[in-house]
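What follows is the residue order along each chain.
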Amino acid sequence: MTATPNKKLKILHVVRRYGPVGGMERYVWEITRELRDLGHQVEVLCEICLADKPDGIVVHELGSIAARPRWLALLRFGNRVANWLKINPHGDFLIHSHERLSSHHITTFHGPPFATIFERSWWRLISLRVAMQLFLEKRELVRAQYIVPNSDFIKQQLSHYYPEITAKLTTPIVPGVVSGKIRSPIPVPADGGTVGFVGKEWKRKGLPFAAEIIKQLRHQRPQLKFRVIGPAVADIKHLFSDEANDQLSGWSDTAHYAEFDVLLHPAKAEPYGMVISEAMAARVPVVISDLCGAATQVLPDAGTVLSLDAGIDAWVSALEQQLTRSTPAPQFVRNWREVAQEYEQVYYRINL
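Could you clarify how one ought to interpret the overall build of the chain in this entry?
Counting its regular elements, the chain contains 9 helices and 14 strands. In summary, the chain has a C-alpha radius of gyration of 22 Å against a globular reference of 20 Å for 352 residues, a match within 12%. Looking at the 352 residues of the chain, the share that counts as buried comes to 53%. Roughly 16,000 Å² of accessible area belongs to the chain as shown, and the carbon and sulfur atoms make up 52% of that amount. The average position of the 41 basic charges and that of the 36 acidic charges among the side chains of the chain differ by 6 Å.

Below is the structure:
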């Protein structure tokens with residue numbers, strides 16, 4: 001039976017950690033609350049809830065599982081979900097997974113497929129870990145009626161590595177963003193300015209290359225400040241030598257985007273990149289790699305998207321262009337209600 005459009009639905013979201021504690025977790029946290037506000041009956045099944053449980057949403061906690069090895073944690077969680085559903089039948093609920101499950105109608109793919117490992121050396125494939133990760137990933141995709149990628153980048157990868165599931169892929173549903181403080185349109189000093197970098201996984205997000213770009217740009221702008229938020233200072237301090245202008249902040253729950261003149265994000269692989277849309281929501285221009293899922297949201301007047309093969313001079317030039325711009329960047333607007341409404345349209349296509 002396919003759900004009737006505009007009918008109020010019963011939806012069970014499954015995620016290991018429920019709360020605004022990471023990119024994927026924020027996505028689930030926001031859309032479940034918006035779906036509740038749209039009048040749907042929403043429940044959440046998780047290992048642990050890491051925030052105050054939202055009013056009007058029933059949260060079922062299964063208890064924490066050892067996080068390592070990751071493939072075993074995913075397998076055990078999936079088994080516990082399947083067992084819980086046997087004991088607590090939810091036959092009239094749509095089951096929306098954000099994990100490697102076998103008991104779901106729809107799954108959202110928040111990151112790159114593990115199958116990208118096939119691009120690496122053959123000897124990397126010979127392990128139990130790889131075999132199990134590939135098994136769990138393919139099982140998740142095969143069991144789902146619909147697969148929602150969170151960016152065009154992820155959709156392309158899934159189609160490439162799993163062509164047999166292409167018909168199940170929906171239009172990407174990209175994350176929303178909560179608008180905060182807006183950057184003041186104050187001219188940037190000719191010898192300075194502030195470039196920001198945000199991200200814990202600093203190697204994948206391109207911090208070493210970003211540090212080289214900044215060093216070269218300082219030949220033109222000796223007072224340029226580089227603010228790095230996310231990585232532990234001890235892990236990255238070897239990349240920096242300008243104690244006066246390199247501002248290494250460690251992790252912070254708030255990135256203070258409005259204090260940046262430009263966000264620099266030369267990631268090697270970024271399924272989406274919430275920091276990019278959050279910066280653009282603060283009207284901060286961005287200079288990012290074309291390997292970021294959010295690149296499709298970066299319009300020409302909002303910043304620059306470059307290949308990592310473009311060379312350091314091209315990246316320096318792009319930063320300089322944004323620092324000297326005469327007009328403020330447009331504000332990126334996408335609220336979480338829009339995201340929830342796009343999911344409604346997928347839900348109404350599902351056969352229970």
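Help me understand the packing of aromatic side chains in this model?
We describe a pair of aromatic rings using the distance from one ring centre to the other and the angle between the two ring planes. By the definition in use, this model includes 7 aromatic pairs. Between the aromatic rings of Tyr27 and Tyr343, the centroid separation amounts to 6.2 Å while the plane-to-plane angle is 90 degrees, which identifies the pairing as edge-to-face. On the criterion of sequence distance, the pair formed by Tyr27 in helix α1 (residues 23–37) and Tyr343 in helix α9 (residues 336–347) is long-range, its members being 316 residues apart. The exposure classification of Tyr27 matches that of Tyr343, with both residues buried. Each ring, one from Phe209 and one from Trp315, has its centre 5.7 Å from the other, and the planes form 80 degrees; the classification is edge-to-face. Of this pair, Phe209 sits in helix α5 (residues 207–217) while Trp315 sits in helix α8 (residues 312–323), and the two are 106 residues apart along the sequence. Cluster of aromatic residues (ring-pair linked, three or more members): Tyr27, Trp336, Tyr343 and Tyr347.

Is there a simple way to think about the nonpolar core in this case?
Generally speaking, a soluble globular protein has its nonpolar side chains buried in company with each other. Counting 54 residues, the largest nonpolar core has Tyr18, Ile276, Tyr343 and Tyr347 as the members making the most contacts within it. Among the secondary structure elements, those contributing two or more residues to this core are α1, β3 (41–46), β5 (57–61), β8 (146–149), α7 (274–281), β13 (286–289) and α9. Residues Val195, Ile213, Leu306 and Val316 belong to the second largest nonpolar core, which totals 25 residues.

Just checking my understanding: could you explain α8 for this structure?
Owing to its 3.6 residues per turn, the α-helix aligns residues three or four sequence positions apart on the same side. An ideal rise of 1.5 Å per residue puts 16 Å on 12 residues; α8 measures up with 17 Å between its terminal C-alpha atoms. Taken as a whole, α8 has its buried residues at Trp315, Val316, Ala318, Leu319, Gln322 and Leu323. For α8, the angular spread of the buried residues around the axis is 160 degrees, confining them to a single face. In this structure, α8 carries Asp313 and Gln321 as exposed residues pointing more than 90 degrees from its buried face. Those residues of α8 that are buried are in contact with β9 (194–198), α5, β12 (262–265), β13 and β14 (303–306).

Can you help me understand the pairing of strand β6 (residues 94–97) in this one?
It is a general feature of regular strands that their side chains alternate between the two faces of the sheet. The two faces of β6 match: Leu94 and His96 on one face and Ile95 and Ser97 on the other face are all buried. Here 4 bridges tie strand β1 (residues 10–14) to β6, and the two strands are oriented parallel to one another. When the bridges of β6 are listed, His13 appears paired with His96. With 2 bridges joining them, β6 and strand β7 (residues 106–109) adopt parallel strand pairing. Bridging across to β7, Ser97 finds its partner in Thr107.

I would appreciate a short explanation of the sheet that holds β13 in the present structure.
Within a sheet, neighbouring strands are paired by backbone hydrogen bonds and run either parallel or antiparallel to one another. The sheet built from 6 strands is open, its strands ordered β11-β10-β9-β12-β13-β14 with parallel pairing. The sheet is open, and its two edges are formed by β11 (246–250) and β14, each paired on a single side. Sheet twist, expressed as the mean angle between neighbouring strand axes with direction ignored, is 20 degrees. Two elements, β9 and β12, share 2 bridges in a ladder whose sense is parallel. Along β12, the bridge assignment pairs Gly196 with Leu263. Against the sheet, α5 touches β9, β10 (225–229) and β12, its axis set at about 170 degrees to β10.

What is the right way to look at the sheet that holds β3 in this model?
Read from one edge to the other, the open sheet built from 6 strands follows the order β5-β3-β1-β6-β7-β8, with strand pairing classed as parallel. Two strands close off the open sheet at either side, each with one partner strand: β5 and β8. The average undirected angle you get between the axes of adjacent strands in this sheet is 20 degrees.

Is there a simple way to think about the packing of α1 against α9 in this case?
Packed helix pairs are specified by the crossing angle of their axes together with the interaxial distance, meaning the distance between the axes. Contact pair α1 / α9: the axes reach a minimum separation of 9 Å and the direction vectors enclose 75 degrees. The orientation of α1 with respect to α9, classified from their angle, is roughly perpendicular. Judged by residue contacts, Arg26, Tyr27, Glu30, Ile31, Glu34, Leu35 and Asp37 of α1 engage Trp336, Arg337, Val339, Ala340, Tyr343, Glu344 and Tyr347 from α9. Split by residue class, the contact of α1 with α9 holds 8 nonpolar, no polar and 6 charged.

Here is what the cut-offs are and how they apply
- Residues numbered from 1 in each chain as written.
- Predicted model: local features only at pLDDT ≥ 70, side-chain atom pairs only at ≥ 80, totals over all residues.
- Heavy atoms only, no water.
- Helix = DSSP H or I, 4+ residues; strand = E, 2+ residues; numbered from the N terminus.
- Rg over C-alpha atoms; globule rule 2.2 N^0.38 Å.
- Buried < 20%, exposed > 50% of the residue type's maximum accessible area, 1.4 Å probe, protein only.
- Areas by Shrake-Rupley, 256 points an atom, 1.4 Å probe, with all protein chains shown as cover.
- Lys, Arg positive; Asp, Glu negative; His and termini not counted.
- Charge placed at Lys NZ, Arg CZ, Asp CG, Glu CD.
- Phe/Tyr/Trp six-rings, centres within 6.5 Å; stacked < 30°, edge-to-face > 60°.
- Core = buried A, V, L, I, M, F, W, Y, C linked by side-chain atoms within 4.5 Å.
- Expected span 1.5 Å × (residues − 1).
- Arc of directions from axis to C-beta.
- Contact = heavy atoms within 4.5 Å.
- Pairing = 2+ DSSP bridges.
- Axes fitted to C-alpha atoms, helices over the stretch in contact; angles between N-to-C directions.
- Parallel < 35°, antiparallel > 145°, perpendicular 65-115°, else oblique.
- Nonpolar A, V, L, I, M, F, W, Y, C, P; charged D, E, K, R; others polar.

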